[in-house]
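Structure at a glance
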Amino acid sequence: MKRIGPWLIALISLSLAGLARGESGTEGAIPGLVEVKVGINTLSKADRATLWRRVDEYATVDAVLEFCGRKLNLQRRTWAAVAPCVEVTSLRRVAAAFRSKKAEYLKGWEESHGEPEKKKALCDSMKPRLAEYTKILDAHIAEARTMCSVCIFC
């Protein structure tokens with residue numbers, strides 16, 4: 001059993017990761033290495049709960065960023081970063097949940113702050129936090145890309 005950092009679980013709501021169990025996958029190019037792709041089914045019940053909670057949190061942040069005119073393309077960037085080490089079916093499930101939650105939150109922001117004055121006031125007041133959120137999410141994606149590219153789970 002190999003452990004993947006808990007921060008990656010958070011990121012994958014952007015997508016996904018957790019505990020890879022057993023020897024799933026195919027033989028790698030180097031004899032003795034087994035490629036492992038993690039998925040939702042490899043997560044413990046607690047890790048799955050954490051994953052879905054964080055998918056919700058990231059969807060909230062991405063929605064407010066988009067509402068305020070900042071598109072991070074989190075889903076696309078995260079998918080590209082973790083696809084080498086995460087099962088496609090799990091990525092699709094997480095991406096669908098993320099899109100659904102994000103759409104729900106974006107609609108809420110539009111309904112409650114859609115008037116230009118309200119929108120400007122909200123976005124101006126959140127500007128420092130939005131910059132911080134962007135840096136954190138960018139760092140998570142970069143770290144996930146690095147971990148997947150160096151085959152840390154093999």
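What counts and how
- Here the residue index of a chain counts from 1 through its sequence in written order.
- Note on the predicted model: pLDDT of at least 70 is required for a residue's local features to be given, and 80 or more for side-chain atom pairs to be given and counted; whole-chain, interface and lining totals, by contrast, use all residues.
- Heavy atoms from the whole structure form the basis of all side-chain values; hydrogens and water molecules are not counted.
- Per-residue accessibility, obtained with a 1.4 Å probe over protein chains only, is compared with the maximum for each type, and a residue is labelled buried under 20%, exposed over 50%, and partly exposed between these values.
- Starting at the N terminus, helices and strands are each numbered in turn, a helix being any DSSP run of H or I of at least four residues and a strand any DSSP run of E of at least two.
- The directions from the helix axis to the C-beta atoms are what the arc is built from.
- Pairing of aromatic rings covers Phe, Tyr and the six-membered ring of Trp, with a centre-to-centre limit of 6.5 Å; geometry is then stacked below 30 degrees between planes, edge-to-face above 60, and tilted otherwise.
- Counting as a charge over the ring demands two things of the Lys NZ or Arg CZ atom: a distance within 6 Å of the ring centre and an angle within 35 degrees of the ring normal.
- Criterion for a disulfide: a pair of cysteine sulfur atoms within 2.5 Å.
- Any Lys or Arg side-chain nitrogen found within 4 Å of a carboxyl oxygen on Asp or Glu counts as a salt bridge.

Burial in helix α3 (residues 74–82) covers these residues: L74, R77, T78, A81 and V82. Down the axis, α3 shows its buried residues gathered within 115° of arc, on one side only. When the buried face of α3 is taken as reference, the exposed residues oriented beyond 90 degrees from it are R76 and A80.

So, on to the packing of aromatic side chains. In this structure the tally under the stated criterion is one aromatic pair. Arranged with centres 6.3 Å apart and planes meeting at 25°, the rings of F67 and W109 form a pair that is stacked. Taken together, the positions of F67 in helix α2 (residues 45–67) and W109 in helix α4 (residues 88–113) put the pair 42 residues apart, joining distant regions of the chain. Comparing F67 with W109 shows no difference in burial state: the two are buried. The cationic tip of K119 hangs over the ring face of F67; the distance from NZ or CZ to the ring centre is 4.8 Å.

Our focus in this paragraph is the state of the cysteines. One pass over the full model with this rule turns up one disulfide. Covalently, C68 is tied to C123 through a disulfide, its sulfur atoms 2.0 Å apart. Where C68 bonds to C123 through sulfur, the torsion about that S-S bond is close to -90°, and the disulfide is left-handed. With a gap of 55 residues between them, C68 in the loop between α2 and α3 and C123 in helix α5 (residues 116–149) connect regions that are remote in the sequence.

On to the pattern of salt bridges, then. In the structure shown here, the tally under the stated rule is eight salt bridges. A salt bridge links D62 to K102; the nearest nitrogen and oxygen atoms lie 2.8 Å apart. Placement of the pair is D62 in helix α2 and K102 in helix α4, with a sequence separation of 40 residues. The same class applies to D62 as to K102, namely buried. Close ionic contact of E66 with K71 constitutes a salt bridge, the shortest N to O distance being 4.0 Å. When its relative accessible area of 22% is taken as the criterion, E66 is described as partly exposed.

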